[in-house]
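Topology and contacts: notes
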Amino acid sequence: MTGLSETAMRLPRAELYIGGQWQASTDGRVQTVINPSSGQPLGTISMATASDVSAAVNAARAQFETGAWSRLSGADRGKLLWRLADLVEANRENLAYLEAIDIGRPYFEPFLFEIPLAAETFRHFAGWADKIGGCTFDLPDLDGRQRHSYTLRQPVGVVAAITPWNAPTMIASWKLGPALAAGNTVVIKPAEDASLSTIRLVELIEEAGFPPGVVNLVTGSGALAGDALVRHPGIDKISFTGSPGVGRRIAAIASEALKKVTLELGGKSPQIVCRDADLDRVIPGASISLFANQGQTCASGSRVLVHESIAEEVTERLVAAAESIVVGDPFAPETQMGSLVSERQLERVSGFVLKGKAEGAHLLTGGNRIDRPGYFYAPTLFAGGNELTIAREEIFGPVGTIIRFRDDEEALRLANQTDYGLTSVVWTRDLATANRFAKHLRAGSVWVNAWGPPHPALPWLGVKTSGLGQELGRSGILANTVEKTVSVIS
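Residues numbered from 1 in each chain as written. Predicted model: local features only at pLDDT ≥ 70, side-chain atom pairs only at ≥ 80, totals over all residues. Heavy atoms only, no water.

Looking at the overall build of the protein
- Assigned secondary structure in the protein consists of 15 helices and 22 strands.
- Taken against the 2.2 N^0.38 rule, which gives 23 Å for 490 residues, the C-alpha radius of gyration of the protein at 23 Å falls within 12% of a compact globule.
- Each principal axis of the C-alpha distribution contributes one length, and for the protein these read about 75 × 60 × 40 Å.
- Scored against the burial criterion, the 490 residues of the protein give a buried share of 58%.
- By sequence separation, contacts in the protein at least 24 residues apart represent 74% of the contacts at least 6 residues apart.
- Summed over all atoms, the accessible surface of the protein reaches about 19,300 Å², with 52% contributed by carbon and sulfur. (Helix = DSSP H or I, 4+ residues; strand = E, 2+ residues; numbered from the N terminus. Rg over C-alpha atoms; globule rule 2.2 N^0.38 Å. Buried < 20%, exposed > 50% of the residue type's maximum accessible area, 1.4 Å probe, protein only. Contact = heavy atoms within 4.5 Å. Areas by Shrake-Rupley, 256 points an atom, 1.4 Å probe, with all protein chains shown as cover.)

Encoded structure:
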């Protein structure tokens, strides 16, 4: 029993949204949506064709070039974004419910964190909408004539926003907020594994009063709809969050057409537990970083690097914390961890665990599927070295590896010894140690004595395989604009 009202449990329509109209795909194909916590069908979503994608891009292009949106002031764009934030807040229960049934995560996680953050993101960028400007220059005269030079910051054009399944509402807001504040139009394609909350968000965009064609929605497979969107000549920028393999393919396609890209491609983030760390803060914080959203988080701190002097105590306490986690029904009040998103993801996680065992990692706890309907996997911890596959590849499941280090230099070497560079966590009471690690860790962001989602005012970026470009903050706004130089000679 959810204890939620019928309104809160309402499913969105199963259609595409193109040019302000809800419609079925041109060939009528649909995909069954499975509730991962039960394995039972929930309903269907439309599977967009290449012609549907083209229609969505054309609608966005028409609105960008000649529609009402192209003439709207920044202040008026900000008002619409603020109205959308209010609607997201008012529909918080419904959006959280849709994420819980679509992903299998505990209802309290999106209700308390991601949905409020999505509303906050729209409000943050609403404030930016009338503050995007260029620069002026005091330059010498040209051939004795006065020169006045300045730059304009203008929208990129039509943005393809391709979002993942693990935190769909929040990450959609990361892409939509700055793109719309800057004056772009958008075609959004959510992951086929979890589209329901994004469809509902687009319903709220329509309710907020955005002109038709400003935001268009195509649901369906990445291989068909996603590929058609990336390749469409009417797309000016692609913003993608997902796997490195898909990100590389998108970058290759975009480079041929010289399209702008923003790519956030996951991580294998370290948590460095120094010898002076406050373990009463470390254990709950590190456990949340490991197991929130069933470990299906790009910033998950799945490599726990622990100073050898405290390794036994940290290991014992982290194992106890993992074994105390209540796994079950996403709507049960006692549940702390839900199911994985799909049977495919369950098999992926199981495969990594088997590989860890085969490579000699010491299984401390978990390592098994939970015997109940749905795609549940036990919180799992290994002890081992940084060379293990489970310590090098992104698993995207509730699996962590505890790795010992002798001193700060070894900790830094191990932390940076990865293809990824999204985020890092440092647990220490010493400010000098925290600043030294923050400077030398190769990651887009560093947390000290905490772990959590990024604030919309802060730039969110990765280095190395974790991606290209920036989202959020001032950097996220500028990434959705192009700079034009103007020189007036009088």
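Some points on the pairing of strand 7 (residues 158-162)
- Across the 5 residues that make up strand 7, a large majority, 5, are buried.
- Alternating positions in strand 7 separate into two faces, Val158, Ala160 and Ile162 on one and Val159 and Ala161 on the other, with burial throughout.
- Of the pairings in the sheet, the one linking strand 7 to strand 8 (residues 185-189) comprises 5 bridges and is parallel in character. Looking at strand 8, one finds that Val159 is bridged to Val186.
- As for the winding sense of the linkage, the β-α-β connection from strand 7 through helix 5 (residues 168-181) to strand 8 is right-handed.
- Sheet topology places strand 7 next to strand 10 (residues 237-241); 4 bridges connect them, and they run parallel. Following the sheet pairing, Ile162 is matched in strand 10 by Phe240. (Pairing = 2+ DSSP bridges. Right-handed = clockwise from strand over helix to strand, strands pointing away.)

Some details on the sheet that holds strand 5 (residues 136-137)
- A sheet is described by the order of its strands in space; here 3 strands give the open sequence 5-6-22, paired in antiparallel fashion. Only two strands of the sheet have a single partner each, and these edge strands are strand 5 and strand 22 (481-489).
- Here strand 6 (residues 147-155) pairs with strand 22 via 9 bridges, running antiparallel. Within strand 22, the residue paired with Arg147 across the bridge is Ile489.

Here's the deal with a negative patch on the surface
- A contiguous patch of negative charge on the surface is contributed by Glu359, Glu387, Glu393 and Asp419.
- Note on placement: Glu393 falls in the loop between helix 12 (389-392) and strand 16 (399-405).
- Residue class for Glu393 comes out partly exposed when judged on its relative accessible area of 40%. (Patch = residues over 30% accessible without salt bridge, like charges linked within 9 Å, V, L, I, M, F, W, Y side chains within 5 Å. Salt bridge = Lys/Arg side-chain N within 4 Å of Asp/Glu carboxyl O. Lys, Arg positive; Asp, Glu negative; His and termini not counted. Charge placed at Lys NZ, Arg CZ, Asp CG, Glu CD.)

Looking at the layout of surface pockets
- Considered as a void within the structure, the largest pocket measures approximately 990 Å³ in volume.
- Together, 36 residues line the largest pocket, and Trp165, Phe240, Gly242, Ser243 and Val246 are the ones closest to its centre.
- Elements with a contribution of two residues or more to the lining of the largest pocket: helix 7 (222-231), strand 10, helix 8 (244-257) and helix 11 (343-358).
- Within the lining of the largest pocket, the residues separate by chemical class into 16 nonpolar, 10 polar and 10 charged.
- What lines the second largest pocket is a set of 30 residues, among which Glu109, Ile288, Ala292, Asn293 and Trp451 lie closest to the centre.
- At 5 residues, the largest contribution of residues to the lining of the second largest pocket is made by helix 4 (residues 108-128).
- Grouping the constituent residues of the lining of the second largest pocket by class yields 19 nonpolar, 8 polar and 3 charged. (1 Å grid on protein atoms, 1.4 Å probe; cavity = no way out; pocket = protein on both sides within 12 Å on 5 of 7 lines; lining within 4 Å. Points joined across faces, edges and corners; volume = space filled by probe spheres on them. Nonpolar A, V, L, I, M, F, W, Y, C, P; charged D, E, K, R; others polar.)

Here's the deal with empty space enclosed by the protein
- One pass over the structure, following the stated rule, counts 4 cavities of 30 Å³ or more.
- Here the largest cavity is characterised by a volume of approximately 80 Å³.
- Surrounding the largest cavity, 14 residues form its lining, Lys175, Lys237, Ser239, Glu471 and Asn480 being those nearest its centre.
- Of all the secondary structure elements, the ones that give two or more residues to the lining of the largest cavity are strand 7, helix 5, strand 10 and strand 21 (470-471).
- Looking at which element gives the most residues to the lining of the largest cavity, the answer is helix 5, with 3 residues.
- Taken together, the residues of the lining of the largest cavity sort by class into 6 nonpolar, 5 polar and 3 charged.

Quick notes on helix 2 (residues 74-90)
- For helix 2, with 17 residues, the first-to-last C-alpha span of 24 Å sits near the 24 Å given by 1.5 Å per residue.
- Taken together, the buried positions of helix 2 are occupied by Gly74, Arg77, Gly78, Leu80, Leu81, Leu84, Ala85, Leu87 and Val88.
- On the buried face of helix 2, the contacting elements are helix 3 (92-103), helix 4, helix 5 and helix 6 (196-208). (Expected span 1.5 Å × (residues − 1).)

A short note on the side chain of Ser37
- Position of Ser37 relative to the elements: it lies in the loop between strand 3 (30-35) and strand 4 (40-46).
- At 2.7 Å, the side chain of Ser37 and the side chain of Asn35 are in polar contact.
- If near-sequence neighbours (up to four positions away) are discounted, Ser37 is found in contact with Pro330, Ser339, Pro373, Gly374 and Phe376. (Polar contact = N/O pair within 3.5 Å; in protein donor to acceptor, adjacent residues only side chain to side chain.)

Describing the packing of aromatic side chains
- Using the criterion set out here, one finds 7 aromatic pairs in the structure.
- An angle of 40° between the planes, with centres 4.7 Å apart, marks the rings of Tyr17 and Trp22 as tilted.
- The exposure class of Trp22 is buried, given its relative accessible area of 14%.
- Ring geometry for Tyr107 against Phe331: centres 5.7 Å apart, planes inclined by 35°, an arrangement best described as tilted. In this pair, Tyr107 is assigned in the loop between helix 3 and helix 4 and Phe331 in the loop between helix 10 (311-324) and helix 11, connecting sequence segments 224 residues apart.
- The class for Tyr107 is buried, based on a relative accessible area of 14%. (Phe/Tyr/Trp six-rings, centres within 6.5 Å; stacked < 30°, edge-to-face > 60°.)

A look at a nonpolar patch on the surface
- A surface patch of nonpolar side chains, about 270 Å² in accessible area, is lined by Phe108, Leu112 and Phe113.
- Inspection of the secondary structure puts Phe113 in helix 4.

Some remarks on the environment of Thr44
- Positionally, Thr44 belongs in strand 4.
- Each C-alpha atom, one on Thr44 and one on Ile34, is 8.7 Å from the other, the two residues being 10 residues apart in sequence.
- Apart from the residues lying within four places of it in its own chain, the contact partners of Thr44 are Ala14, Val30, Gln31, Thr32 and Val33.

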